Amino acid sequence: MGMNRDERDLRQAIVMACREMTAAGINQGTSGNISVRVDGGILLTPSGLPYDQMTPEDIVFMAWDGGWTAREGNVPSTEWRFHLDILKAKPETGAVVHAHPAYCTILAIMQKSIPAIHYMIAAGGGNDVPCAPYAQYGTAELSQLALEALADRRACLLAHHGLIATGVSLRKAMWLAIEVETLAKQYHGCLQIGTPPLLPDEEIDSILRRWGQYGLRDRKPLAAVPSSAA
Ligand SMILES: [Zn+2]
């Protein structure tokens, strides 16, 4: 397949982001997967390939109609459907990160959305990170439920499954995935003590106005909390 330099860089960025998911502790095995918008479709991680063995050539291209090209032996992530549907439905979204981080998944098993326990909830685009109802992995039904949960959010939980985080760029989607796992950990901790008090909607609206339409600025380290928001 012909691959220009930009595409090669994007493929490399996806491989690096997969390894960062593991380093950041938000990945379990190879359950995480990542997609990035490109001309004509998406670049997507292959199914079941350990990240330390993954190279840029292993990343799968999938056209908007679902047709795909991959190096021999590779197939698209089993979660290709919601990656494709989210990037198709949300033109402002450039990347989708999916994983089963421990605390997000604990809340997802309990079918709990993350409420406005902390102002950083606004990083997800509103006053909560909603939990989409359960549907089996890889199905069109799961994709539809995820799209509904993401209607005016950049992140959601998937009941009995895990997390989806999106962003205008891969960097922002990765940052948000780590941020939502932090919020999930905080909420889990609060629930050990009691029912946490929540920030009012007006406060979250005010934070969202301060951050502007796309939220936080890009910073170089994927996992760093921007100082302007800390
Ligand atoms: Zn999954």
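Everything numeric in this text was worked out from a predicted model, so none of it was measured.

Chemist: Explain the pairing of strand 3 (residues 60–63) to me, please; I cannot follow it from the model alone.
Modeler: Side-chain direction in a regular strand flips from residue to residue, so the side chains alternate between the two faces of the sheet. Burial of strand 3 is two-sided: the residues Val-60 and Met-62 facing one way and the residues Phe-61 and Ala-63 facing the other way are all buried. The pairing of strand 2 (residues 41–44) with strand 3 spans 4 bridges and is antiparallel. Bridge pairing in strand 3 links Gly-41 to Ala-63. For strand 3 and strand 4 (residues 68–69), the ladder comprises 2 bridges, and the chain directions are antiparallel. Looking across to strand 4, one finds that Phe-61 is bridged to Thr-69. Hairpin connection, strand 3 to strand 4: the antiparallel pair is bridged by 4 residues, and Gly-66 has positive phi, about 95°.

Chemist: Can you walk me through the side chain of His-98 in this structure?
Modeler: Along the chain, His-98 falls in strand 5 (residues 95–99). Of note is the side chain of His-98, whose polar atom sits 3.3 Å from the side chain of His-100. In this structure the side chain of His-98 is engaged in a polar contact, spanning 2.8 Å, whose partner is the backbone oxygen of Leu-163.

Scoring rules and cut-offs
Residues numbered from 1 in each chain as written. Predicted model: local features only at pLDDT ≥ 70, side-chain atom pairs only at ≥ 80, totals over all residues. Heavy atoms only, no water. Buried < 20%, exposed > 50% of the residue type's maximum accessible area, 1.4 Å probe, protein only. Helix = DSSP H or I, 4+ residues; strand = E, 2+ residues; numbered from the N terminus. Pairing = 2+ DSSP bridges. Polar contact = N/O pair within 3.5 Å; in protein donor to acceptor, adjacent residues only side chain to side chain.

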